[in-house]
Amino acid sequence: MTMTSLTHTAVTTGATGRGGDSSSRPHRARRTFVRALPLLPSMVLVAIFLLGPVVEAFYGSFTNMALTGAAAESSQFVGLQNYIQLFQNPDFLKSVWLTILFVVGSAIIGQNVLGLALAMLMRSGNKVLTGIVGTLVVTSWVVPEVVGAFCCYAFFNGGGTLNAILSVAGLKGPDWLYVLPMASVILANIWRGTAFSMMVYSAAITEVPEEVTESAELDGASGWKRLIYITIPMIRRSISTNLMLTTLQTLSVFGLIYIMTAGGPGTSSSTLPVLAYQEAFKFSQLGLGTAIAVVMLIIGGVFSIIYIRALKPEVD
């Protein structure tokens, strides 16, 4: 076969392939549509109950909606006025910092590190110890948030359990909710949420092949080296997923902080959810409170993008 014939054959084949692909596209589109039909009711519900409120929140943040006054009857579009007012308010900038501190301290560091440590303990400890630890940790997670918040309030306040324990040792503790409000709510949220991280990491660790860790142990790798160079890299996807879930959950924590400190003393523990509640319902400025909620949504989106990018090499 000559070079001209080969070229003609290649061109003809390529044209046929492209024509075949073009003719099969409508068929693939119809097949995809048919497969998606069972998901249509759930997609409609998601659009109504999740996407709808998000769109309404974005629109409301550009209005002067209020609970009282003329704006309560007929709100007006005010553009970026709410956002300009927020970023000129030092209390808002302080709340952004406190929210990031709360998320990093209680979720990214506290719940994940302690959850991984407890998962390792549950795997290597004896049955009695793992049963006691598992019961205590999971109990703090399954109790209602209001109950957990009042328990933490009773533990950290001036006449609470923590100071009673210190008094037995001859020490006098301060009113922790007044002196160290952020540290108190961070520790309370760690206590509340660690069980979820523990269960996620317990499931992930069981998927690590035992022969890999045994080989590393035979090669002289210590427990820390096995954890850093074997266990953590092999459960990397679970770590990224759990970080994203705990971060988004902690970002919206309101009841725990409001019951323990109500954002005080002053604004010392006023995170964005608490500030949004105060602006919207205490001062009746719904538009301003909704703008704070939109900022929270953006912060959550930034964290999510970071975690998704961390997961991307594993997915590819």
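Provided above is the structure to which this section pertains.
Residues numbered from 1 in each chain as written. Predicted model: local features only at pLDDT ≥ 70, side-chain atom pairs only at ≥ 80, totals over all residues. Heavy atoms only, no water.

1. Description of unusual backbone geometry
Here's step 1: The omega torsion across Gly264 and Pro265 is 0 degrees, close enough to zero to call that bond cis.
Here's step 2: Relative to the helices and strands, Pro265 is located in the loop between helix 14 (255-260) and helix 15 (272-282).
Here's step 3: One non-glycine residue, Ala262, lies in the positive phi region at around 55 degrees.
Here's step 4: Following the sequence through the fold, Ala262 ends up in the loop between helix 14 and helix 15.
Here's step 5: The class of Ala262 is partly exposed, set by a relative accessible area of 34%.
Here's step 6: Although it is not a glycine, Ser284 adopts a positive phi angle of roughly 65 degrees.
Here's step 7: Locating Ser284 in the fold gives a position in the loop between helix 15 and helix 16 (286-315).
Here's step 8: By relative accessible area, which is 15% here, Ser284 ends up buried. (Helix = DSSP H or I, 4+ residues; strand = E, 2+ residues; numbered from the N terminus. Buried < 20%, exposed > 50% of the residue type's maximum accessible area, 1.4 Å probe, protein only.)

2. Section: helix 6 (residues 127-142)
Here's step 1: The terminal C-alpha atoms of helix 6, which comprises 16 residues, lie 22 Å apart, in line with the 22 Å expected from a rise of 1.5 Å per residue.
Here's step 2: Among all positions in helix 6, only Thr130, Val133, Gly134, Val137 and Ser140 are buried. All buried residues of helix 6 fall inside an arc of 135 degrees around its axis, so they share one side. Exposed positions of helix 6 whose direction lies more than 90 degrees from the buried face are Lys127, Val128, Thr135, Leu136 and Val142.
Here's step 3: The elements touched by buried residues of helix 6 are helix 5 (90-124) and helix 10 (181-205). (Expected span 1.5 Å × (residues − 1). Arc of directions from axis to C-beta. Contact = heavy atoms within 4.5 Å.)

3. Overview of a negative patch on the surface
Here's step 1: Negative charge collects at one region of the surface, where Glu210, Glu211, Glu214 and Glu217 lie side by side.
Here's step 2: By the secondary structure assignment, Glu210 is in helix 11 (residues 210-218). (Patch = residues over 30% accessible without salt bridge, like charges linked within 9 Å, V, L, I, M, F, W, Y side chains within 5 Å. Areas by Shrake-Rupley, 256 points an atom, 1.4 Å probe, with all protein chains shown as cover. Salt bridge = Lys/Arg side-chain N within 4 Å of Asp/Glu carboxyl O. Lys, Arg positive; Asp, Glu negative; His and termini not counted. Charge placed at Lys NZ, Arg CZ, Asp CG, Glu CD.)

4. Side note on the environment of Ile298
Here's step 1: Take Ile298: it is sitting in helix 16.
Here's step 2: Note on Ile298: relative accessible area 48%, which makes it partly exposed.
Here's step 3: Separated by 14 residues in sequence, Ile298 and Ser284 have C-alpha atoms that sit 23 Å apart.

5. As for the side chain of Ser304
Here's step 1: Structurally, the position occupied by Ser304 is in helix 16.
Here's step 2: Within the structure, the side chain of Ser304 is placed 2.9 Å from the backbone oxygen of Gly300, a separation counted as a polar contact.
Here's step 3: Once residues lying within four places of it in the same chain are set aside, the contact partners of Ser304 are Met244 and Leu248. (Polar contact = N/O pair within 3.5 Å; in protein donor to acceptor, adjacent residues only side chain to side chain.)

6. Looking at the nonpolar core
Here's step 1: Residues Phe92, Ile235, Leu272 and Ile292 are the most contacted members of the largest nonpolar core, which totals 29 residues.
Here's step 2: Contributing elements (two or more residues each) for this core: helix 4 (81-87), helix 5, helix 10, helix 13 (236-251), helix 15 and helix 16.
Here's step 3: Excluding its chain neighbours within four sequence positions, the residues that come into contact with Ile292 are Leu86, Phe92, Leu272, Leu275, Ala276 and Glu279.
Here's step 4: In terms of nonpolar packing, the next biggest core, distinct from the first, is built from 17 residues, Cys152, Phe156, Val185 and Ile257 among them. (Core = buried A, V, L, I, M, F, W, Y, C linked by side-chain atoms within 4.5 Å.)

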